[in-house]
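One-letter residues, chain by chain:
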Amino acid sequence: MSSNDPAIVEASRVFTDPTAYGDEPRFHAACALLRRECPVPYVDVEGFAPFWALTRYDDVMAVERAPAAWINAPRPALGPAPAEGEPEREMPVRTLVQMDAPEHTAYRKISVEWFKPARIALLADRAAELAKRSVDRMADLGGECDFFTDIAVDYPLYIILALLGLPEEDFPRMLKLTQEMFGNQDPELARDTDDDKLMATLLDFFEYFQGLIDDRRAHPRDDLASVIANATIDGEPIGVLEAVGYYIIIATAGHDTTSSAIGGGMAALLAHPEQFRALQEDISLVPTAVEEMFRYVSPVKQFMRTATSEQVVGGVTIPKGGSVLMSFPSANRDEAQFERPDELDINRNPNRHVAFGFGAHYCLGTHLARLETRSFYNELMPRLAHAELAADPAFMQALFVGGPKRVPIRYRMR
Ligand code: HEM
C-alpha cells in the first residue's frame, strides 16, 4: 500500500496524535499495519512539518548507524502538538540531543565516564536504600495504591539528585522542571504549558543552576554537577547556558523515562499474571524481566533525524533535508525481530530492544536506568505476597516521553 491509501493515512496519524499514545492497543495495531503494509509512510498532518515515519526495527537501526547521513539538528524530535494555527514548537533549551559531531562528541565526553558501569555501581547502595523507602511506603499505604503516582514517580528523581550531588530539599523544584519541560498533551494532567509559563519555569531553573555552577566552580566536589560546571570545551570553560542545558537534559532524561519503565513494567506484569508469578518465584529473573519492561513499555516514543543528502531507507527515497521519525515502540514490537512481540516474556533472551536508541546518541543513562529498575524490583518482589490490577491502567497522552499515568493496584505485603 502507499502513503496515500486511506487506511495508511489514518494509521500514520498516530505519530502526531497524543490520544493514540494514550490508547496502547490502537497505537500498536496501527504500527503493526504500517510495518506490514507501508513501513515508511509519509506523514503530512496539519500543524506539523511533514516527515517519514520508520516503523521497522531494521530501518531505525540503519538510520541510527549512520550519524553522518542522518543528523539530529535541526529537528531532533517531534515537538508537542501545536495549538490550532500555531507552528510545531521546538524544544526550548539546546542540549546533547540537539547536537551533532564534532560538537556532540565534545559535549558527550564531559559526562561519559560518570555513566560507565563502574561509576554507576557506586550508586548501588543509595538505589537500594531508596528502593526500600519506596516499598516501605507501599506497605504504609495499606493494600491499595496508584502504583504509578504514589510509588514509581519519585524514586528515579531521588537517584538523579544523588548523581548530580544535589540535596533532597531541591526535590520539588526538580520535579517541576521535569514535568513542565516535557509538559505533555494529556488533558487530565493539564499543566498549563503555554510559552510564557514554560519560559518562567526555564528562568527559575536558569537561576537555580547558575547558583549551582558558581558554587561548584568555587567548591568542586566529587559529583556530576561539579564535573559539568568545571568542564572545558576546546580548552575554554563551558558556557553557562551550555552547562545549564546539560543539567536540564540529565534531570529530565533520567526521570520520566525510568518512572514510566517502572510503572509501565508493573502494569504489564499484572496484565500477564503468570509472568508476575514467575518473577515472584524466581527473583534471579529480574535482569531479563527489566530488559523486557524496557522493550514492552518503550518510554521514549520517538526521536527524529534529518538527511544530510538524498538517502534510501526501507526502499523509500528521502530527499536531502527530509526528516524521519524513529518510532521506538513500533521497532520494539517488530515481528521480524521479536517472536510474539505483543507478549511480555520475562525470560526473553536475547532481547535486542531499541528502547535506549543506538549509535552516537545511544542513551547515556542505560546503566543507571538498569540499576534503578533492577534495584526496585529486587526490593519489591520478595516483599509482595500478592498483587492485582484494581482497575485498568491509564496511559499518558504524550508525543515524546510517556508511559502509564495511573496503575491502580490491590496487594498484600509479606
Ligand atoms: C528506561 C529509562 C530510559 C530510556 C527508555 C531512555 C531512552 C533514551 C533514548 C531512546 C535516547 C535517544 C537515543 C538515540 O537518539 O539513539 C536517550 C538519550 C539520552 N538519555 Fe536516556 N533513557 C532512559 C533513562 C535515562 C537516564 C536514567 C538518564 C540519565 C540520567 C538518561 C540520559 C540520557 C541522555 C543524557 C541522552 C542523550 C544522549 C545523547 O544525545 O548523546 N536516560 N535515552
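Before any of the text, the structure's been laid out above.
Residues numbered from 1 in each chain as written. Predicted model: local features only at pLDDT ≥ 70, side-chain atom pairs only at ≥ 80, totals over all residues. Heavy atoms only, no water.

Caption draft 1: Region of interest: helix 9 (residues 154-164). Of all the 11 residues making up helix 9, 9 are buried; the element is thus mostly covered by neighbouring parts of the structure. Those residues of helix 9 not exposed but buried are Tyr155, Pro156, Leu157, Tyr158, Ile159, Ile160, Leu161, Leu163 and Leu164. Positive backbone phi, at 85°, marks Gly165, one or two positions downstream of helix 9. (Buried < 20%, exposed > 50% of the residue type's maximum accessible area, 1.4 Å probe, protein only. Helix = DSSP H or I, 4+ residues; strand = E, 2+ residues; numbered from the N terminus.)

Caption draft 2: A look at the site of the ligand. The full set close to the ligand counts 31 residues, and Glu64, His104, Arg108, His361 and Cys363 are the nearest of them. The separation between an oxygen atom of the ligand and a polar side-chain atom of His104 is 2.6 Å. A distance of 2.7 Å separates an oxygen atom of the ligand from a polar side-chain atom of His361. Going through the elements one at a time, helix 5 (103-112), helix 13 (240-253), helix 14 (256-271), strand 7 (302-307) and helix 18 (366-383) are the ones with two or more residues in the shell around the ligand. Considering only residue class, the shell around the ligand consists of 20 nonpolar, 7 polar and 4 charged. (Near = heavy atom within 4 Å. Polar contact = N/O pair within 3.5 Å; in protein donor to acceptor, adjacent residues only side chain to side chain. Nonpolar A, V, L, I, M, F, W, Y, C, P; charged D, E, K, R; others polar.)

Caption draft 3: Geometry of the coordination of the iron atom of the ligand. Within the protein, a single donor atom binds the iron atom of the ligand, namely Cys363 (SG) at 2.3 Å. Among the structural elements, Cys363 can be located in the loop between helix 17 (328-331) and helix 18. (Donors = N, O, S within 2.8 Å, 3.2 Å for Na, K, Ca; no water.)

Caption draft 4: Up close: the packing of aromatic side chains. Applying the stated criterion to the full structure yields 14 aromatic pairs. Seen in terms of ring centroids, Tyr42 and Trp52 are 4.8 Å apart; in terms of plane orientation they differ by 55°. Their pairing is tilted. On the criterion of sequence distance, the pair formed by Tyr42 in strand 1 (residues 42-43) and Trp52 in strand 2 (residues 51-54) is long-range, its members being 10 residues apart. Looking at Trp52, the relative accessible area reads 13%, which means it is buried. Three or more aromatic residues link up through ring pairs in this structure, and these residues are Phe147, Tyr155, Phe376 and Tyr377. Across from the ring centre of Tyr158, 5.2 Å away, lies the NZ or CZ of Arg133, which sits over that ring. Sitting over the face of the ring of Tyr296, Arg333 holds its NZ or CZ atom 4.2 Å from the ring centroid. (Phe/Tyr/Trp six-rings, centres within 6.5 Å; stacked < 30°, edge-to-face > 60°. Lys NZ or Arg CZ within 6 Å of the ring centre and 35° of its normal.)

Caption draft 5: A look at the sheet that holds strand 10 (residues 323-327). Spatially, 5 strands are ordered 1-2-10-7-3 in an open sheet, and the strand pairing comes out mixed. Looking at the sheet topology across the chains shown, the edges are occupied by strand 1 and strand 3 (70-71). (Pairing = 2+ DSSP bridges.)

Without other data, these values stay purely geometric and don't point to any function.
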